[in-house]
Amino acid sequence: MCMKEYIANLEKADMLIYNGAGMEHWVEDVTKSLSNKDIVLVEASEGIDLMEGHHHHDDEGEEAHEHEHGLDPHVWTSIKNAKKEMENIKNALVKADAANAEYYEANFKMYSEKFDELDKKYETEIAKLPNKNIVVSHEAFGYLCKEYGLTQVGIEGLSPDSEPNPKRMAEIVEFVEEHNVKVIFFEELVSPKVAESVAKETGATTDVLNPIEGLTEEQLKEGNDYISIMEQNLNSIVKALQ
């Protein structure tokens, strides 16, 4: 959808839910310019402790890839954070549509229980793993790693389309060999090229870890959602680290 259509939709919308933490840097400018002054803005990440993100740049490309404040916006990769975001959204819906408050509260309760179960499963399964280092092509898993005691080593920084320089590639290859890393993760919506070249050089294999920044048409058709994708992520992590 182009920005023009998006703005036209916002003029008619009751509510705009966005992640925040610097991810949607356009929100303030766009919403200021709307004539729809009744739109309710919901920053889903409100109240979540934000982490600093890392940047790996070629020196000359430094400016191009600066992420606002260097904060890591991928807060939802921790299930506890995703639950907090869900609560923020539920509270906003209850406030905006009080007549249906019970419906929102009941849905929140049902999904909260599912999120808690999944969170426990992550804790239990990851605690048992002998290895705690994951190598990822894009550093989108900081909150997941912090929550469950893993360490992510990113080939690239927060921005999935930045290219690592040869020095960074050499560091990663050395890390993989030194720590006996067997799997290099990439995301399905981003080219696996970089992960594949590290794998080729070190004899590791590649697999997908999904930061849930978007779903493919196919995934939507299959009825995938946050819970099913996070289940798949856990299986991939367990397989890679045991």
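Throughout what follows, the structure given in this document is the object of discussion.

Thoughts on the overall build of the chain
From N to C terminus, the chain includes nine helices and eight strands. Along the longest, intermediate and shortest principal axes, the C-alpha atoms of the chain span 60 × 45 × 35 Å. Across the 242 residues of the chain, 47% fall into the buried class. Considering only contacts in the chain between residues 6 or more positions apart, those separated by 24 or more positions represent 62%. Counting every atom, the chain has about 13,300 Å² of accessible surface; 51% of that belongs to carbon and sulfur. Seen as two clouds, the 23 positive and the 50 negative side-chain charges of the chain have centres 6 Å apart.

Some thoughts on the side chain of E85
Along the chain, E85 turns up in helix 3 (residues 79–96). For E85, the side chain forms a polar contact with the main-chain nitrogen of S45, separated by 3.4 Å. Discounting chain neighbours no more than four positions away, the residues touching E85 are N19, A44, S45, I48, V75 and W76.

Some details on the pairing of strand 7 (residues 183–186)
Burial along strand 7 is two-sided: V183 and F185 and I184 and F186, pointing in opposite directions, are all buried. Summarising the sheet, strand 5 (residues 133–138) and strand 7 pair through two bridges and their orientation is parallel. Bridging across to strand 7, V136 finds its partner in F185. Pairing of strand 7 with strand 8 (residues 205–208) involves four bridges; the strand directions are parallel. Residue pairing for strand 8: V183 is matched across the bridge by T205.

Remarks on the packing of helix 3 against helix 4 (residues 101–127)
Running from N to C, helix 3 and helix 4 cross one another at 175 degrees; their axes reach a closest spacing of 9 Å. Taken together, the axis directions place helix 3 and helix 4 in an arrangement best described as roughly antiparallel. Between helix 3 and helix 4, the residues in contact are I79, K80, A82, K83, M86, E87, K90, L93 and V94 and A101, Y104, E105, F108, Y111, S112, F115, D116, L118, D119, Y122 and E123, respectively. Of the residues in the contact of helix 3 with helix 4, the class split is 12 nonpolar, one polar and eight charged.

Looking at the side chain of N133
For N133, the location among the structural elements is in strand 5. Look at N133 and you get buried, because its relative accessible area is 17%. Non-local contacts of N133, meaning those with residues more than four positions away in its chain, are made with T151, F175, H179 and L241.

Quick word on the sheet that holds strand 7
Within the open sheet, the four strands sit side by side as 6-5-7-8. Their pairing is parallel. Of all the strands in the sheet, the pair left with one neighbour each is strand 6 (151–156) and strand 8. Neighbour-to-neighbour, the strand axes of the sheet open up by a mean angle of 35 degrees, direction not taken into account. In this fold helix 7 (residues 193–202) packs onto strand 5, strand 6, strand 7 and strand 8, with an angle of close to 175 degrees to the strand it touches most, strand 7.

A look at the environment of S137
Take S137: it is sitting in strand 5. Each C-alpha atom, one on S137 and one on E87, is 31 Å from the other, the two residues being 50 residues apart in sequence. Contact partners of S137, with chain neighbours within four places excluded, come to I155, E156, F185, F186, E187 and A195.

Quick look at the packing of aromatic side chains
In this structure the tally under the stated criterion is three aromatic pairs. Aromatic side chains Y103 and Y104 sit 5.5 Å apart centroid to centroid with 65 degrees between the ring planes, which places their arrangement in the edge-to-face category. The class of Y104 is buried, set by a relative accessible area of 16%.

Analysis parameters
- Residues numbered from 1 in each chain as written.
- Predicted model: local features only at pLDDT ≥ 70, side-chain atom pairs only at ≥ 80, totals over all residues.
- Heavy atoms only, no water.
- Helix = DSSP H or I, 4+ residues; strand = E, 2+ residues; numbered from the N terminus.
- Buried < 20%, exposed > 50% of the residue type's maximum accessible area, 1.4 Å probe, protein only.
- Contact = heavy atoms within 4.5 Å.
- Areas by Shrake-Rupley, 256 points an atom, 1.4 Å probe, with all protein chains shown as cover.
- Lys, Arg positive; Asp, Glu negative; His and termini not counted.
- Charge placed at Lys NZ, Arg CZ, Asp CG, Glu CD.
- Polar contact = N/O pair within 3.5 Å; in protein donor to acceptor, adjacent residues only side chain to side chain.
- Pairing = 2+ DSSP bridges.
- Axes fitted to C-alpha atoms, helices over the stretch in contact; angles between N-to-C directions.
- Parallel < 35°, antiparallel > 145°, perpendicular 65-115°, else oblique.
- Nonpolar A, V, L, I, M, F, W, Y, C, P; charged D, E, K, R; others polar.
- Phe/Tyr/Trp six-rings, centres within 6.5 Å; stacked < 30°, edge-to-face > 60°.

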